Number of protein chains: 4
Amino acid sequence: MDYVNGPGRNHLFVPGPVNIPDQVIRAMSRNNEDYRSPAIPALTKTLLEDVKKIFKTTTGTPFLIPTTGTGAWESVLTNTLSPGDRIVSFVIGQFSLLWVDQQQRLKFNVDVVESEWGRGADLDILESKLASDSAHTIKAICIVHNETATGVTNNLAKVRQLLDAYQHPALLLVDGVSSICALDFRMDEWGVDVAITGSQKALSLPTGIGFVVASPKAIEASKSAKSLRVFFDWSDYLKFYKMGTYWPYTPSIQLLYGLRAALDLIFEEGLENIIARHNRLGTATRLAVEAWGLKNCTQEEEWFSDTVTAVVVPPYIDGAEIVRRAWKRFNLSLGLGLNKVAGKVFRIGHLGNLNELQLLGALAGVEMILKDVGYPVKLGSGVAAASAYLQNNIPLIPSRI
Amino acid sequence: MDYVNGPGRNHLFVPGPVNIPDQVIRAMSRNNEDYRSPAIPALTKTLLEDVKKIFKTTTGTPFLIPTTGTGAWESVLTNTLSPGDRIVSFVIGQFSLLWVDQQQRLKFNVDVVESEWGRGADLDILESKLASDSAHTIKAICIVHNETATGVTNNLAKVRQLLDAYQHPALLLVDGVSSICALDFRMDEWGVDVAITGSQKALSLPTGIGFVVASPKAIEASKSAKSLRVFFDWSDYLKFYKMGTYWPYTPSIQLLYGLRAALDLIFEEGLENIIARHNRLGTATRLAVEAWGLKNCTQEEEWFSDTVTAVVVPPYIDGAEIVRRAWKRFNLSLGLGLNKVAGKVFRIGHLGNLNELQLLGALAGVEMILKDVGYPVKLGSGVAAASAYLQNNIPLIPSRI
Amino acid sequence: MDYVNGPGRNHLFVPGPVNIPDQVIRAMSRNNEDYRSPAIPALTKTLLEDVKKIFKTTTGTPFLIPTTGTGAWESVLTNTLSPGDRIVSFVIGQFSLLWVDQQQRLKFNVDVVESEWGRGADLDILESKLASDSAHTIKAICIVHNETATGVTNNLAKVRQLLDAYQHPALLLVDGVSSICALDFRMDEWGVDVAITGSQKALSLPTGIGFVVASPKAIEASKSAKSLRVFFDWSDYLKFYKMGTYWPYTPSIQLLYGLRAALDLIFEEGLENIIARHNRLGTATRLAVEAWGLKNCTQEEEWFSDTVTAVVVPPYIDGAEIVRRAWKRFNLSLGLGLNKVAGKVFRIGHLGNLNELQLLGALAGVEMILKDVGYPVKLGSGVAAASAYLQNNIPLIPSRI
Amino acid sequence: MDYVNGPGRNHLFVPGPVNIPDQVIRAMSRNNEDYRSPAIPALTKTLLEDVKKIFKTTTGTPFLIPTTGTGAWESVLTNTLSPGDRIVSFVIGQFSLLWVDQQQRLKFNVDVVESEWGRGADLDILESKLASDSAHTIKAICIVHNETATGVTNNLAKVRQLLDAYQHPALLLVDGVSSICALDFRMDEWGVDVAITGSQKALSLPTGIGFVVASPKAIEASKSAKSLRVFFDWSDYLKFYKMGTYWPYTPSIQLLYGLRAALDLIFEEGLENIIARHNRLGTATRLAVEAWGLKNCTQEEEWFSDTVTAVVVPPYIDGAEIVRRAWKRFNLSLGLGLNKVAGKVFRIGHLGNLNELQLLGALAGVEMILKDVGYPVKLGSGVAAASAYLQNNIPLIPSRI
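Residues numbered from 1 in each chain as written. Chains lettered and ligands numbered in written order. Predicted model: local features only at pLDDT ≥ 70, side-chain atom pairs only at ≥ 80, totals over all residues. Heavy atoms only, no water.

How do you make sense of the side chain of Arg9(B) when you look at a structure like this?
Position of Arg9(B) among the secondary structure elements: in the segment before β1 (11-12). The exposure class of Arg9(B) is buried, given its relative accessible area of 16%. Excluding residues that lie within four positions of it along the chain, Arg9(B) makes contacts with Asn31(A), Asn331(B), Arg9(D), Asp22(D), Asn355(D) and Gln358(D). (Helix = DSSP H or I, 4+ residues; strand = E, 2+ residues; numbered from the N terminus. Buried < 20%, exposed > 50% of the residue type's maximum accessible area, 1.4 Å probe, protein only. Contact = heavy atoms within 4.5 Å.)

Below is the structure:
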């Protein structure tokens, strides 16, 4: 079914699913195994311990659920909340919008705070809501750390400060899908109650594991949450954790070994080095966009995302045409603009297992496509701007010094 | 993390996850791709069409949900039923028990029909319930086609006959997890409304896809079902089917290509040939058990399962010890007895990508283990009995004639 | 042993071994098989037929020898010549030099024609030798089609013209290691008597098959050639060809399936499209070198190579340092200068399974390295020059139109 | 090209190529790399050190030549001998015959000692030749440790004793292709001067590396040996060993990583445990053959081979038909009888990455085939005899205790 082959490699620059390291592909290339043998629990134990490090938590409880990010969202909500509970939720782009849609369909009382797409969550409004909620009717704050549709990173530390300032007990529920393991994320320090990510994002695995990590407070909340749930119910996991067999239902053997390999690579590179690398990739991309004379969809520097850049195209150009040509002519996969920004932006994902020369090849491709579609770009200009920065900032590869 | 290596191959005879064909492992050994490129919808289209053939339906609508069998169960229930709905459900072993547990936790009114473990669903009781339900308070019949814990195959055709005889409109919801693609299953002919299986069973893939196929009547029911659901909601799929992009959230690229390869192999072998092969494997196993002087947990021939055999051990032997020794000494993975039959049986899974010599090797291993644990087996006796049958019944491999 | 990991992909731009398509890696990821079963001869038959197409011959006999290019050379010489035979051989770089070394050690009477490194074979001298050899003491002309050390492509059509002009019966023995399947090569049309390549070059496989294709005249010569040989002896292959079992000794099962996949991809892309793609890659590289203000080691346009470019560095820069930094800092693999041009050049291989954006990423990397080592390059300049050409010349990917 | 698929696994019981461990297949599933980067020499260094352990030598020099066993033979001969040199060589089956053929074609003066096929090398004749060779005209003794065609293991320790007894300086050149890493082999202790094996035999890799290990005396001999050679010339390797770059021409990157994984598995299992496992597999096979009432081609117990058993069939049965049916009906690959024993025997290879239950499955298959072709075997008899032995002798898997 590889009927759309092009010569050479596909340049994968959508903001997920991302490039998988060869070591991980190899680790996953295997037969099934009995998940009730002693081997799988022993492996799982190491995974759970190590996933906590990626979330920067020592007190959280991780659940590796065979699902996607959408399922992980549902796990967060149904385990901690009861139908009718008031939650404050921010819409700043397509993915936060979809989460709000889920929250509403699950019959929570969603207090939606909207921002213009391209701006971050409006924390002033959050503050006013907290200030006026001395009755603590707000049970949870739901926030996307990094909105993948617009390339906007919200300030979670600030959210925690506000909750603390008002001594508000609301749970802090975070979608870290396109941030965790790429952006600076600190579960314990920021008092996040549940955080999630998906295997196909910065962890650089195939889709299939929804990572959900719950604080002790969230675990406590799950004991009284009345939302119906079975597949997503943490209590089944906790029961099997206690028994030491870990899995209430069949996990993907391949993803477990793949996750082991992915974590080994992450720790070998170093989480802080990974975050720094994403900052280099994000900065380089933004410098190229600027050199092309185009605008970043993200309106203020404080919200710049190091994992995805949404580039605003002039009105006379269709962003979708850029994505189509990228794939048809250059074997380059870019992200479409979604919903309100459909056609108005195209997106460059720069997260996961990726290095600078890969990005520069993609930026060179974008330049040619921009010219293809009639934008008067100076070929080489974006690459030059990005390279000028990168040449000063790329470190030696530690294992090769 | 392969710290429990043994020389040679692992002999995988648990009733799932099962052996994956090398062609499928190869097809899955790949990087991620943009699932919004034209390639993935084109691939998906072929998969949906071909999955219907495996279920023997032309009118059903398939959903390939990134989940396990447990999630697929939840999808069946929440899309077709409303809390409080009366359903008739049979408990004949651990997996039907777990499904009933799920039904109860999802707040349906479950009318449980229990059988002794080792016997099939009590269809006489079903008949009496249908006979006395002229008001049609029963909204659905939930039945496991093949109970994996005891090796019992229920008679679905008979269930349909009863429903028809009483002109009862209840939905027929079937767990085909350890049957579909191995046992004779006929969705349309038997008027099954929703049937499910999991990728790691007879389809011989890794865990990760819950296959749910819904009849037009079930789709209709989903429009008024009031159970809350988002991740498992068919309506999101149907919306994306209409748009031609197919996926409401990120699928596993690897599993899609793996499924394509698996389906190609299935059609190459032929579904009827596969069912016949499973019958040979099941028959051979039962002949060996008989030769060993042991009892099949399945009490009557009408319920014999061709995908898994639960073997009753004498009271002085612990079934779990057999499983432990199999793994520790012979690199053979057998299934434990679960719940009511824990310790009393061990299980031989014989489904999926498996041939007769693989089975005979495993049976030879079981004989040695039986001797190890003090059962006075005549070594070679089971293999002799199985071989006598197989030597007369194995066909030539068609591609090699 | 992956102790030198860098994040993201290795950018492999040595002139061999080259990038292997994922489809080929997958096809090779398999267990051994009995090479005496009917499956392997059936597969081999298709391979031999298709390899002839790559060499553009209908009358040649291909031998797929489990060896490297060096072994393939030896096969060419020992099967067609006898010790003491006079051969004319050209030295224009390190690989032609090594072949001459082999010729001398195998005790042929080698009439060496040397050129300055960076220039092609001196065909005027060849002409004078042919003109004065009415006695036909010259038994063979040995020539490298593309000298990998200097990036020089020789004019084989011209060699044939000279032989024809003087009606000289010398065998024309061609090293096509870094040309065949990337550059225009025409075995039959040019009257090449034996041509070779290696699997790890433009065919984009792992090392392990030396492809040797012999004309009927070469096969005839092999019957009287007195050089001792067993492993490389064509007669053993011919005996097994006649029997239909093909292999005098064990082939690599993996490479056979890999070759099948590689050939399928080649025919899908189209051999002429592949040659055109290499011309684009070579042209783009040369434009970048020019934009950087550096010199191509190849002195005249007529010899420009579309598979490898040797770039001359200024005297104050060590070419080896460029290669070292490329690997240590940018995960980019470039080729060293060898022997006479050691330190004076670095090489960019641009052959095999490679597309334009991959090349542009590498060129962007070279620019940064040049700046690293003190060369006053304008960052982006090479990429801009290459892009200006490529943007006008890259076709749509046929399978995606 | 997998057009001869059967369901389930192929049962590979030819005496090479053998089953590759999944870990090795995974390790090899990778792109090419620059073999001149620092990574490959670092890897190679560990390989050369560890290969010596497999050969049980501390003073030998290993060469990993990109070739097959036939090429390795040629490397042994051409590096240590000069045309016309007298060598004593034993023919006891097809592979020793082929080696003698090579020796003759390379123009050595071969003093052939023949045995009936099924018997070992006639060491009495060797003794008489040594006794009468006070002039030391014999330059080398060439002997196959394990003749793969007949399943005969020669007594190398005895050969050494004879050479020592007569203080004869002849080189001892050993083909260990189907012995090393499976049978007891002691290069230093037995004073072997050159020993070889192939990657596709007990090391359980794909074909592609000819392992040649030379004693200091053999290295010394190579300095004056006059046989022409280039590709197989040890001196090129020694030159690159000295430079620390190791490879005179391109190695297979994949096989190097595969060999690393294979060696890791070998040391994890333990070489002595591997030899013991092969003894169990050989003993079990011989017990089955006896139980079937058939004869082992190997005439005396002292020559029994633990890596391959050639089974003599009654005159009214064609051994080739057994092999054909095995493949066509049972997906079982057995070895044909070759040359003098063609049709008279079939062979069961039991070497490499293999465990006891795999063997028992194959033996069960052989029983059914024997019945197919009209031999009055009692089904289960061979498995019973083998199991009775194995049940007493298989140890626990150390990593799982």
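Structure shown, so let's carry the discussion forward.
Whenever I open this one, the relation of the copies chain A and chain C confuses me. Can you help?
One copy of the chain maps onto the second through a rotation around an axis plus a translation along that axis. Of the transformation superimposing chain A on chain C, the axial component is 0.0 Å and the angular component is 180°, with the fit at an RMSD of 0.0 Å. The transformation just described matches what one would write down for a two-fold rotation axis. The C-alpha atom lying nearest the rotation axis in chain A is that of Gly361(A); the distance is 1.8 Å. Taken together, the interface assignments show that 100% of the residues at the interface of chain A recur at the interface of chain C, consistent with an identical surface on both copies. (Least-squares fit on C-alpha atoms with pLDDT ≥ 70 in both.)

Whenever I open this one, the interface of chain A and chain C confuses me. Can you help?
Many analyses report the size of an interface as the accessible area lost when the parts associate. Taken together, the contact between chain A and chain C spans 53 residues of the former and 53 residues of the latter. Viewed at the interface, chain C and chain A are joined by two salt bridges. Residue Asp22(A) pairs with Arg9(C) through a salt bridge whose shortest N-O separation is 3.9 Å. Where chain A packs against chain C, one counts 30 residue pairs in polar contact (both at pLDDT 80 or more). For the side of chain A that touches chain C, the elements supplying multiple residues, two or more each, are α1 (22-28), α9 (253-269), α11 (319-330), α12 (356-372) and α13 (381-393) of chain A. Here the side of chain A that touches chain C gets nine residues from one element, more than from any other, and that element is α12(A). Classifying every residue of the side of chain A that touches chain C gives 22 nonpolar, 18 polar and 13 charged. (Salt bridge = Lys/Arg side-chain N within 4 Å of Asp/Glu carboxyl O. Polar contact = N/O pair within 3.5 Å; in protein donor to acceptor, adjacent residues only side chain to side chain. Nonpolar A, V, L, I, M, F, W, Y, C, P; charged D, E, K, R; others polar.)

Hey, could you run me through the interface of chain A and chain B in this one?
Counting residues at the interface gives 57 residues for chain A and 57 residues for chain B. Interface area for chain A against chain B, summed over the two sides, is near 4,700 Å², with a carbon-plus-sulfur share of 62%. Counting the contacts that link chain A with chain B gives four salt bridges. Elements represented by at least two residues in the side of chain A that touches chain B include exactly α2 (39-54), α3 (69-80), α4 (94-105), α8 (234-243) and α9 of chain A. (Buried area = accessible area lost by both parts, 1.4 Å probe.)

Sorry if this is basic, but what is going on with the packing of α13(A) against helix α12 (residues 356-372) of chain C here?
Between two packed helices, the angle of one axis relative to the other and the distance separating the axes together describe the packing. Direction vectors running N to C along α13(A) and α12(C) enclose 45°, while the axes themselves pass 10 Å from each other. Taken together, α13(A) and α12(C) sit at an angle that is classed as oblique. Crossing handedness for the pair α13(A) and α12(C): right-handed. Here Val383(A), Ser387(A), Leu390(A) and Gln391(A) of α13(A) lie close against α12(C), whose contacting residues are Ala364(C), Met368(C), Lys371(C) and Asp372(C). Among the residues making up the contact of α13(A) with α12(C), the classes are represented as four nonpolar, two polar and two charged. (Axes fitted to C-alpha atoms, helices over the stretch in contact; angles between N-to-C directions. Parallel < 35°, antiparallel > 145°, perpendicular 65-115°, else oblique. Left-handed = near helix turned anticlockwise from the far one by under 90°.)

Sorry, what's going on with the UniProt feature "binding site: substrate" (unreviewed entry) in chain A here?
All names here are of chain A. UniProt records the feature "binding site: substrate" (unreviewed entry) for Arg347 in the present numbering. In this fold, Arg347 is placed in strand β15 (residues 345-349). If near-sequence neighbours (up to four positions away) are discounted, Arg347 is found in contact with Phe13, Pro15, Phe95, Thr148, Ala149, Val308, Thr309, Ala310, Leu334, Gly335, Leu336 and Leu338. (UniProt positions renumbered as here; feature names shortened; annotations may be inferred.)

Honestly, helix α6 (residues 156-165) of chain C in this entry has me stumped. Any pointers?
Because an α-helix completes one turn every 3.6 residues, residues spaced three or four positions apart along the sequence face the same direction. All names here are of chain C. Restricting attention to buried positions, one finds in α6 the residues Leu156, Val159, Arg160, Leu162 and Leu163. In an axial view of α6, the angular spread of the buried residues amounts to 160°, which keeps them on one side of the axis. Contact partners of the buried residues in α6: α5 (123-131), β5 (138-144) and β8 (171-175). For α6, the N-terminal capping position is held by Asn155, with its side-chain oxygen 3.3 Å away from the main-chain nitrogen of Ala157. Phi for Gln167, located one or two positions after α6, is positive at around 45°. (Arc of directions from axis to C-beta.)

What exactly am I supposed to notice about the UniProt feature "domain: Aminotransferase class V" (unreviewed entry) in chain A here?
Here the UniProt feature "domain: Aminotransferase class V" (unreviewed entry) sits at residues 13-286 of chain A. Split by type, residues 13-286 of chain A is 42% helix and 16% strand. Its first and last C-alpha atoms lie 15 Å apart.

Is there a simple way to explain the sheet that holds strand β2 (residues 61-65) of chain B in this structure?
Where strands meet in a sheet, backbone hydrogen bonds hold them as pairs that are either parallel or antiparallel. Residues and elements named next belong to chain B. An order of β2-β10-β9-β8-β5-β3-β4 is seen for the seven strands of this open sheet, with the pairing classed as mixed. Looking along the sheet, the strands with just one partner apiece sit at the ends: β2 and β4 (109-114). Here the strands of the sheet are splayed against their neighbours by 20° on average, with no regard to which way each runs. Inspection of the sheet shows strand β3 (residues 86-91) paired to β4 by six bridges, in the parallel sense. Paired with Ile87 across the bridge in β4 is Val110. Helix-sheet contacts for helix α5 (residues 123-131) involve β3, β4 and β5 (138-144), and the interaxial angle to β3 is about 170°. (Pairing = 2+ DSSP bridges.)

Explanation requested: helix α9 (residues 253-269) of chain B in the structure shown.
All names here are of chain B. Under the 1.5 Å per step criterion, the end-to-end length of α9 is 25 Å for 17 residues, consistent within 8% with the ideal 24 Å. A large share of α9 lies buried, amounting to 13 of its 17 residues. Positive backbone phi, approximately 100°, marks Gly270, located one or two places after α9. (Expected span 1.5 Å × (residues − 1).)

Help me understand empty space enclosed by the protein, please; the structure alone is not making it clear to me.
A probe as big as a water molecule, rolled over the atoms, marks out the empty space that is left. Under the counting rule described, the total for this entry stands at ten cavities of 30 Å³ or more. Roughly 290 Å³ of volume is contained in the largest cavity. Taken together, 27 residues form the lining of the largest cavity, with Met28(C), Gln254(C), Met28(D), Gln254(D) and Leu255(D) sitting closest to its centre. Every element with two or more residues in the lining of the largest cavity is listed here: α1 (22-28) and α9 (253-269) of chain C together with α1 (22-28) and α9 (253-269) of chain D. Tallied by class, the residues present in the lining of the largest cavity amount to 13 nonpolar, twelve polar and two charged. (1 Å grid on protein atoms, 1.4 Å probe; cavity = no way out; pocket = protein on both sides within 12 Å on 5 of 7 lines; lining within 4 Å. Points joined across faces, edges and corners; volume = space filled by probe spheres on them.)

Would you mind showing me how to read the nonpolar core here?
When a protein is soluble and globular, its nonpolar side chains tend to lie buried together. Judged by nonpolar contacts, the single largest core of 205 residues is most densely connected at Ile141(A) and Ile141(B). The residues touching Ile141(A), leaving out its near neighbours within four places in the chain, are Val88(A), Phe90(A), Leu126(A), Leu130(A), Val159(A), Leu163(A), Ala170(A), Leu171(A), Leu172(A) and Leu173(A). Judged by nonpolar contacts, the second largest core, of 202 residues, contains Phe108(C), Ala121(C), Ala27(D) and Leu48(D). (Core = buried A, V, L, I, M, F, W, Y, C linked by side-chain atoms within 4.5 Å.)

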